[in-house]
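Notes for the structure review
The residues making up each chain are set out below.
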Amino acid sequence: MGFDIDVTLRRGEATIAAQFTSAGGLTALFGPSGAGKTSVLDMVAGLLRPDAGRIVVGGRVLFDSAAGVDVPVQARGCGYVFQDYRLFPHLNVRHNLLYGWQLAAPDQRWITLDEVCDLLGIGALLTRRVRHLSGGEKQRVAIGRALLSGARCLLLDEPLSSLDAARREEIMGLIERLRDELRLPILYVGHDRAEVDRLAGQVVTIRA
Ligand SMILES: Nc1ncnc2c1ncn2[C@@H]1O[C@H](COP(=O)(O)OP(=O)(O)OP(=O)(O)O)[C@@H](O)[C@H]1O
């Protein structure tokens, strides 16, 4: 089960509207700068409140303005990965990853630190400070932290944009593995059409 989204939000001069249903797998949001792609991810995560609409992820209603449902951020189970990683610079890789684990309620944990390290190939980095990592390594750790937080879906906001071509290819391969091996719906914002077409089972256009 994937996403069932129908939201509108007035933001400054812009009115952001998105309406789509996906069966699961990776769904990409595509559209011009300022159309509202990141805003849609923020609404799914619970960081922005739609003016009206409904957000259902994996069959769970996270927001429904008509029914008065607005599940708090920490209970939504959305693993959010940002273009600029947003790791904790003063912590090493292990402690960045364990931050996600500690956020998760025990009954929501479905993957262990060892499994994340195997999946993402970051076992050798555990004692490293994050400021000494490459961009690709930082993005792996950010994805690992999101998975360990008990995520039931992944929100990936331009996760390749800060990477050089070689690292971009490497992280694309990793996202394909996550898409194919984990049964998590993924909502992905990208601005490169070829990248989006390669990764996504469904592409949703967000219009300005
Ligand atoms: N904090 C804010 N306050 C008011 N308006 C905002 C704020 N952040 C973004 N906006 C506006 O909301 C609209 C959507 O922005 P958003 O960042 O979601 O678009 P986007 O499609 O993700 O763009 P990009 O591809 O450039 O990242 C834009 O018109 C933007 O100016």
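Source: prediction; values computed, not measured.

**Remarks on the nonpolar core**
- Counting residues in hydrophobic clusters, the biggest one holds 42 residues, and the most contacted among them are Leu-97, Leu-147 and Tyr-188.
- Of all the secondary-structure elements, those providing two or more residues to this core are β3 (26-30), α3 (93-103), α4 (113-120), α5 (135-148), β8 (153-157), α6 (165-181), β9 (186-189) and α7 (193-199).
- Ranked by residues supplied to this core, first place goes to α5 with six residues.
- Among residues more than four places away in sequence, those in contact with Tyr-188 are Leu-26, Thr-27, Ala-28, Leu-29, Leu-156, Pro-159, Leu-160, Ile-175, Glu-195, Val-196 and Leu-199.

**Re the packing of α3 against α4**
- The N-to-C vectors of α3 and α4 enclose an angle of 115°; their axes lie 11 Å apart at closest approach. Considering how the two elements wind past one another, α3 and α4 form a crossing that is right-handed. On α4, the residues touching Arg-94, Leu-97 and Leu-98 of α3 are Leu-113, Val-116 and Cys-117.
- Of the residues contributing to the contact of α3 with α4, the split by class is five nonpolar, no polar and one charged.

**As for the environment of Leu-48**
- Examined against the element boundaries, Leu-48 turns out to sit in the loop between α1 (37-45) and β4 (52-57).
- Here Leu-48 falls in the buried class, since its relative accessible area comes to 18%.
- Between the C-alpha atom of Leu-48 and that of Arg-168, which follows or precedes it by 120 residues, the distance is 29 Å.
- Ignoring anything within four residues of it in the chain, the contact list for Leu-48 reads Leu-9, Arg-11, Ser-39, Asp-42 and Met-43.

**A word on the layout of surface pockets**
- Its volume calculated, the largest pocket comes out at about 630 Å³.
- Every residue lining the largest pocket is counted, 25 residues in all, and those nearest its centre are Val-73, Cys-78, Gly-79, Leu-103 and Ser-149.
- By residue number, the principal contributor to the lining of the largest pocket is helix α2 (residues 73-76), which donates four residues.
- In terms of residue class, the lining of the largest pocket is built from 14 nonpolar, seven polar and four charged.
- Of the volumes computed, that of the second largest pocket is approximately 210 Å³.
- Arg-152, Cys-153, Arg-183, Leu-184 and Pro-185 are the residues nearest the centre of the second largest pocket, which is lined by 14 residues in total.

**Remarks on the packing of aromatic side chains**
- Tallied over the full model, the rule gives two aromatic pairs.
- With a centroid separation of 4.3 Å and an interplanar angle of 20°, the aromatic rings of Tyr-80 and Phe-82 are classed as stacked. The pair formed by Tyr-80 and Phe-82 is uniform in burial state, with each residue classed as buried.
- Residues Phe-88 and Tyr-99 carry aromatic rings whose centres are separated by 4.7 Å and whose planes lie at 65° to one another, so their mutual orientation is edge-to-face. In this pair, Phe-88 is assigned in the loop between β7 (78-81) and α3 and Tyr-99 in helix α3, connecting sequence segments eleven residues apart.
- Of the residues examined, Phe-88 reaches a relative accessible area of 25% and is grouped as partly exposed.
- The exposure class of Tyr-99 is partly exposed, given its relative accessible area of 36%.
- Over the face of the ring belonging to Phe-30 we find Arg-193, whose NZ or CZ atom lies 4.9 Å from the ring centre.

**What to know about the side chain of Lys-37**
- For Lys-37, the location among the structural elements is in helix α1.
- Nearest to the buried, unbridged Lys-37 among oppositely charged side chains is Glu-158, at 5.3 Å.
- The contacts of Lys-37, once residues within four sequence positions are left out, are Leu-29, Phe-30, Gly-31, Pro-32, Val-189 and Ile-206.

Conventions adopted
Residues numbered from 1 in each chain as written. Predicted model: local features only at pLDDT ≥ 70, side-chain atom pairs only at ≥ 80, totals over all residues. Heavy atoms only, no water. Core = buried A, V, L, I, M, F, W, Y, C linked by side-chain atoms within 4.5 Å. Buried < 20%, exposed > 50% of the residue type's maximum accessible area, 1.4 Å probe, protein only. Helix = DSSP H or I, 4+ residues; strand = E, 2+ residues; numbered from the N terminus. Contact = heavy atoms within 4.5 Å. Axes fitted to C-alpha atoms, helices over the stretch in contact; angles between N-to-C directions. Left-handed = near helix turned anticlockwise from the far one by under 90°. Nonpolar A, V, L, I, M, F, W, Y, C, P; charged D, E, K, R; others polar. 1 Å grid on protein atoms, 1.4 Å probe; cavity = no way out; pocket = protein on both sides within 12 Å on 5 of 7 lines; lining within 4 Å. Points joined across faces, edges and corners; volume = space filled by probe spheres on them. Phe/Tyr/Trp six-rings, centres within 6.5 Å; stacked < 30°, edge-to-face > 60°. Lys NZ or Arg CZ within 6 Å of the ring centre and 35° of its normal. Lys, Arg positive; Asp, Glu negative; His and termini not counted. Salt bridge = Lys/Arg side-chain N within 4 Å of Asp/Glu carboxyl O.

The values reported here are purely geometric and, on their own, carry no functional implication.
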